[in-house]
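Listed here are the chains, written in short residue letters.
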Amino acid sequence: MKSKPLYSYLSKYRSELMGISILWVVWFHSVLCLDFFPHQPVNKVFDYLKEIGYSGVDIFLLVSGMGIYKSLKKNDTASYFKNRVKKIVPIWWTYLLLNVVLGALVFDIVFTKTEILSYASFTGFWFDVPNQGNWYVYFIMLVYLISPVLFSFLETSRQKKLTCVLMMLLTGVISLCFIGNFKLIAFSRMPIYIFGMYIASDEEAFKVTKLKMLFAFLIMVAGNIFLFMMYKSHRSAMWKYGLWWYPFLLMAPSLALLLSVFFEKCWKVMRYPAAFFRLMGKASLEILLISE
């Protein structure tokens, strides 16, 4: 196996990874259960895979961090914000309009002025306003807002790895303040986003070798054993303390790498599935909102 940096694998299949992630998240939120196999252990495996579908968010944030870093590297701050607004706001406001109309005509839900303004301004989730849609959109807009600051720290640092570690630790400690609060689901994801930015800031870091591939595989095995055991016995504690997603600080990069190498090695077989996942990745926001 030719040694290449982690960035080269993840950037090459960034859209495919985003497509897999959004479909995994949609499955997690759906009522679709693959429990029709004749062998119960197989059904339990699929139940477990569905149960951890939230981890698609972590992979998505990892590769998003990479993309946003490159966007800030290529554009000035004003252009960067303009591009983010053009990409998110029209879709979000259209989605809001549909919610208001369908809510009144079909679901007997009448939005108040406060709810509409909070929805439109991406603030409702943070102030616990009812009827605000998916939390992820609020979080990613906050992330986009503070990304120029994160970018500045990494770009000007002479020791990017140390800067990355310190920022991940700081945001990780801040997230602990939200234990028992639903907002933990958002703030606990900041470290993985920062790590994605770091990967893009130092493209030659983390050379992928056979030994590191084995290490990534072992991380996935150990992480899933831990999650599966907790899934069977301590599910409520896992949600309260964020233990469902904290393991993916290590598992998300490993899974993203393993998937990327799989695409690379099996391209003849995966060419058409990859094209499908790439299409899903490019329409990820629309898919997320439609699934709501």
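These remarks concern the structure in this document. The structure presented is a predicted model; accordingly, all values stated were derived computationally and were not measured.

On to the side chain of Ser55. Relative to the helices and strands, Ser55 is located in the loop between helix H3 (40-51) and helix H4 (56-74). Among the polar contacts made by the side chain of Ser55, one reaches the main-chain carbonyl oxygen of Ile52 at a distance of 2.6 Å. Apart from the residues within four sequence positions on either side, Ser55 is in contact with Trp24 and Phe248.

Its 16 residues give helix H2 (residues 14-29) an end-to-end C-alpha distance of 23 Å, which sits within 8% of 22 Å, the value for a rise of 1.5 Å per residue. Burial within H2 is extensive, with twelve of its 16 residues counted as buried.

Under the 1.5 Å per step criterion, the end-to-end length of helix H7 (residues 135-156) is 32 Å for 22 residues, consistent within 8% with the ideal 32 Å. Along its length, H7 shows its largest kink, about 45 degrees, at Ile146, and proline Pro148 lies within four residues downstream of that point. N-capping of H7 is provided by Asn134, with a side-chain oxygen placed 2.8 Å from the backbone N of Tyr136.

This part covers the packing of H3 against helix H11 (residues 210-233). Packing of H3 against H11 brings their axes to within 11 Å, and their N-to-C directions diverge by 100 degrees. Taken as axis vectors, H3 and H11 run roughly perpendicular relative to one another. The residues of H11 that touch H3, namely those facing Asp47, Tyr48 and Glu51, are Asn224, Leu227, Phe228 and Tyr231.

Scoring rules and cut-offs
Residues numbered from 1 in each chain as written. Predicted model: local features only at pLDDT ≥ 70, side-chain atom pairs only at ≥ 80, totals over all residues. Heavy atoms only, no water. Helix = DSSP H or I, 4+ residues; strand = E, 2+ residues; numbered from the N terminus. Polar contact = N/O pair within 3.5 Å; in protein donor to acceptor, adjacent residues only side chain to side chain. Contact = heavy atoms within 4.5 Å. Expected span 1.5 Å × (residues − 1). Buried < 20%, exposed > 50% of the residue type's maximum accessible area, 1.4 Å probe, protein only. Bend = angle between axes of the 7 residues up to and from the residue. Axes fitted to C-alpha atoms, helices over the stretch in contact; angles between N-to-C directions. Parallel < 35°, antiparallel > 145°, perpendicular 65-115°, else oblique.

Remember that the coordinates give geometry; whether it matters functionally is a separate question.
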